[in-house]
Amino acid sequence: MNKVLIFSVVNLALILSACAPAATPDNTMPMNNDNSNMTDGTPGSMVAENPEAAHMMEPITAPNIQPATETTGGQPLAYREENGIKVFELTTKAVQWPILDDVTITAFTYNGTVPGPMIRVTEGDWVRIVVKNELPDPTTIHWHGVEVPNAMDGVPGVTQAPILPGETFTYEFIAKPAGTFMYHSHFEGDVQVSAGLYAPFIIDPKEPETSPPVVDKTLMISESRMVDGETFAAMPMSGMEPNYFTINGKSFPATQTITVKKGDLVRLRLIAIGQFIHPMHLHGMPFKIVATDGHPVPVSAQLTKDTVSVAPGERYDIEFVATETGQWMLHCHILHHTTNDNVEPGGLMLVINVVE
Ligand SMILES: [Cu+2]
């Protein structure tokens, strides 16, 4: 009998025993402590059975929330140099963030914007990020995809204590490898990330690219839930589904129009930070996938596509030459995601405006 067959027989035995009627005292125990009710999709019963779950269903709130003073998220963050180290400062705080001209969500932010400011450095840079927590809740930052020392990984209770309200924590590491990354909260991530605690982290290669794109845009995709003026963390759970969908913190038509010249090489860095998969479709021109999760794809392996599904946590760098003039849509092909509170057009759409 070969190993595969033995494995299959053992698995079959395990499956059969798992399906057998309850016969042991353990199987008759009440199931209150094992989160088995998490699958029934009934939020009310989840809270009743598991009070710890209640945090995710409460509105996003904080004392003294101010209207956002900036209106564009993901902008490059200035730094200062100290002994060869690039020092960045982040403050977590709650603001009222406009996702449309007439729709404002309550957001947890880095430095008051959604997404937070872009940290952009060069491969091999020594970076220090000083984080002050002005939220009413603890938080941490995870440097998603960046190869940091374990102690800098931002996992509360595992690699560090949570940063309590009013506290400051300093992260420090060498930026590597080059590529498209992000940073986001790792404390009650289902709530804090959906609330807006996410931002791009771009590491440029040490050796300049031989044919860099003329246009290089980072697009972070997420979701929100707003009901009766209150913002909730959107997630794939009954009663918590999103009714707004955002690119860089804005829903169409408030999303940025990207204007390029005919013939330009355009790079779009697609980052899914929400909790849903988004098949992003470009009209008019096919693109190549040149990097996945920040890592370059060899030319011989680059797929030519017009749609790429971006799952939570993934990044795809796509490139195309803008060969045709006109207003070309980039949008999610789960078409409910191109609505604002069930009204189309909206959500995950933006215009690539190719001009002569
Ligand atoms: Cu979508």
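For the structure itself, look to the data block above.
Residues numbered from 1 in each chain as written. Predicted model: local features only at pLDDT ≥ 70, side-chain atom pairs only at ≥ 80, totals over all residues.

(A) Looking closely at the environment of Thr 218. The residue Thr 218 is located in strand E11 (residues 215–227) in this model. Exposure remark for Thr 218: the 22 C-beta atoms within 10 Å place this residue in the buried category. Through-space distance from the C-alpha of Thr 218 to that of Pro 200 is 7.5 Å; in sequence the pair is 18 residues apart. When residues no more than four places from it in sequence are discounted, the contact partners of Thr 218 are Gly 74, Met 118, Pro 200, Ile 202, Arg 269 and Ile 271. (Helix = DSSP H or I, 4+ residues; strand = E, 2+ residues; numbered from the N terminus. Buried ≥ 20, exposed ≤ 12 C-beta atoms within 10 Å, placed from the backbone. Contact = placed C-beta atoms within 7 Å.)

(B) Representation of the sheet that holds strand E20 (residues 307–310) in the model. Spatially, the five strands line up as an open sheet ordered E14-E23-E22-E16-E20, and their pairing is mixed. Single-partner strands in this sheet number two, and they are strand E14 (258–261) and E20. The mean angle between the axes of side-by-side strands here comes to 20 degrees, regardless of whether they run parallel or antiparallel. Judged from the six bridges that link them, strand E22 (residues 326–332) and strand E23 (residues 349–355) form a sheet pairing that is antiparallel. Its bridge partner being in E23, Gly 326 is matched across the sheet by Val 354. (Pairing = 2+ DSSP bridges. Axes fitted to C-alpha atoms, helices over the stretch in contact; angles between N-to-C directions.)

(C) Main features of the pairing of strand E10 (residues 198–204). Buried residues dominate E10, accounting for six of its seven residues. Summarising the sheet, strand E5 (residues 119–122) and E10 pair through four bridges and their orientation is parallel. When the sheet's bridge partners are listed, Ile 119 is paired in E10 with Phe 201. Here six bridges tie strand E9 (residues 179–185) to E10, and the two strands are oriented antiparallel to one another.

(D) Inspection of unusual backbone geometry at higher detail. The residue after Phe 252, namely Pro 253, is reached through a cis peptide bond having omega 10 degrees. Tracing the chain through its elements places Pro 253 in the loop between strand E13 (244–247) and E14. In this structure, Pro 345 follows Glu 344 across a cis peptide bond, with omega equal to -5 degrees. Within the chain, Asn 248 stands out as a residue other than glycine whose phi angle is a positive 50 degrees. Along the chain, Asn 248 falls in the loop between E13 and E14. With a phi angle near 50 degrees, Asp 341 is a residue other than glycine that sits in the positive phi range. With respect to the helices and strands, Asp 341 occurs in the loop between E22 and E23. For Asp 341, a count of 15 C-beta atoms within 10 Å corresponds to the partly exposed category.

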